[in-house]
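Working through the structure, step by step
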Amino acid sequence: METALAREYRRICRDPTSHQPLAYLRLRSAIRNVVEQRAIEPGQALPSERDLSQALKLSRVTVRKAIAGLVEEGLLTQRHGAGTFIAERIVKPMSRLSSFTEDLRDRGLHPRSEFFERSVGEVTPEEAMAMNLSPGTLVARLHRVRYGQDEPLAIERSVVPASVLPDPTVVRDSLYEVLESLGCRPRRALQRLRAVSLGVQHARQLHVATGSAGLNIERRSFLDDGRVVEFTCSWYRGDIYDFVAELHAD
């Protein structure tokens, strides 16, 4: 991989049409090109700053600047104490109603949650409107960060009627698995997606820079009888997730 990267970097240096006089921009282009050519696979570690500096005869400051720009773009991801890796994008089909846990397990990733809240309380006006509930109705609330392996991927705030989920502490990872065990797994859902810039709190929880691209997803899920069983607002990292919809002509 280092050989492929060194070869691509030198090709760009010799190319009179590259229009990139700065070394860190040439290195950034070289890394981007070898990733697009699949010479480096998603999830694979990039050589260390020291190794790249020696192999390409660049200063570590130059290498660090090139890498930092690609981390901001979402092409690379950095793990504290482990190094720099090619970002693995998760493709989520929008035609299938599945849980976060199921999606990650399908890709061989280990899902886990860090909970901020698991409680029961009265429904708020916004929740009541979204879920067609009467004022004063009790709901279970889950607020958590969702992880794949050790990487934070999304923040979720979920609301479920307490008549369906009286004890939210039974949810360890998959809400849908718990709902299925209760005979109340959703059968259909409506989702709304919006592109957002992640604010200070969400960015800190997702280990990205403030203002990074994100996706805000609002989901209302229904039972067969039409009752809303789940209302979830999520904030996903835009550098990792792709949501794909299949379209058909009439």
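As named in an unreviewed UniProt entry, the chain is GntR family transcriptional regulator, taken from Rhodanobacter hydrolyticus.

On to the overall build of the chain. In terms of helices and strands, the chain carries eight helices and ten strands. Expressed along its principal axes, the backbone C-alpha trace of the chain runs to roughly 70 × 45 × 30 Å. Counting only residues that meet the buried cut, the chain has 46% of its 250 residues in that class. A sequence separation of at least 24 residues applies to 59% of the contacts in the chain between residues at least 6 apart. Carbon together with sulfur atoms contributes 49% to the accessible area of the chain, which is approximately 13,400 Å² in total.

Its place among the elements puts Ala66 in helix α4 (residues 60-73). Sequence spacing of Ala66 and Ser134 is 68 residues, and the spatial spacing of their C-alpha atoms is 55 Å. Other than its neighbours up to four places away in sequence, Ala66 contacts Tyr24, Leu27 and Arg28.

For Ser158, the position within the fold is in strand β6 (residues 151-161). Judged by its relative accessible area of 2%, Ser158 is buried. A polar contact of 2.8 Å, which involves the side chain of Ser158, links it to the side chain of Thr232. For Ser158, the residues in contact, after removing those within four places along its chain, are Ala140, Arg141, Leu142, Leu175, Phe231 and Thr232.

Moving on: the nonpolar core. Proteins that are soluble and globular tend to have nonpolar side chains buried together. Judged by nonpolar contacts, the single largest core of 22 residues is most densely connected at Leu27, Ile31 and Leu46. Counting only elements with at least two residues in this core, the list comes to α1 (2-14), α2 (23-36), α3 (49-56) and α4. The biggest single contributor to this core is α2, with seven residues.

Attention now goes to the packing of α2 against α4. In contact at an axis separation of 8 Å, α2 and α4 are set at 50 degrees when each is read in the N-to-C sense. By the angle class used here, α2 and α4 are oblique. Of the two possible hands of crossing, α2 and α4 adopt the one that is right-handed. In contact with Ala23, Tyr24, Leu27, Arg28, Ile31 and Arg32 of α2, α4 contributes Thr62, Val63, Lys65, Ala66, Gly69, Leu70 and Glu73. Partitioned by chemical class, the residues of the contact of α2 with α4 number seven nonpolar, two polar and four charged.

Among the eleven residues of strand β5 (residues 138-148), ten are classified as buried, and the element is accordingly described as predominantly covered. Bridge count between β5 and β6: ten bridges; the pairing is antiparallel. Bridged to Leu142 within β6 is Ser158. Taking the residues between adjacent antiparallel strands as the criterion, β5 and β6 are bridged by two residues, where Gln149 takes a positive phi near 60 degrees.

Scoring rules and cut-offs
Residues numbered from 1 in each chain as written. Predicted model: local features only at pLDDT ≥ 70, side-chain atom pairs only at ≥ 80, totals over all residues. Heavy atoms only, no water. Helix = DSSP H or I, 4+ residues; strand = E, 2+ residues; numbered from the N terminus. Buried < 20%, exposed > 50% of the residue type's maximum accessible area, 1.4 Å probe, protein only. Contact = heavy atoms within 4.5 Å. Areas by Shrake-Rupley, 256 points an atom, 1.4 Å probe, with all protein chains shown as cover. Polar contact = N/O pair within 3.5 Å; in protein donor to acceptor, adjacent residues only side chain to side chain. Core = buried A, V, L, I, M, F, W, Y, C linked by side-chain atoms within 4.5 Å. Axes fitted to C-alpha atoms, helices over the stretch in contact; angles between N-to-C directions. Parallel < 35°, antiparallel > 145°, perpendicular 65-115°, else oblique. Left-handed = near helix turned anticlockwise from the far one by under 90°. Nonpolar A, V, L, I, M, F, W, Y, C, P; charged D, E, K, R; others polar. Pairing = 2+ DSSP bridges.

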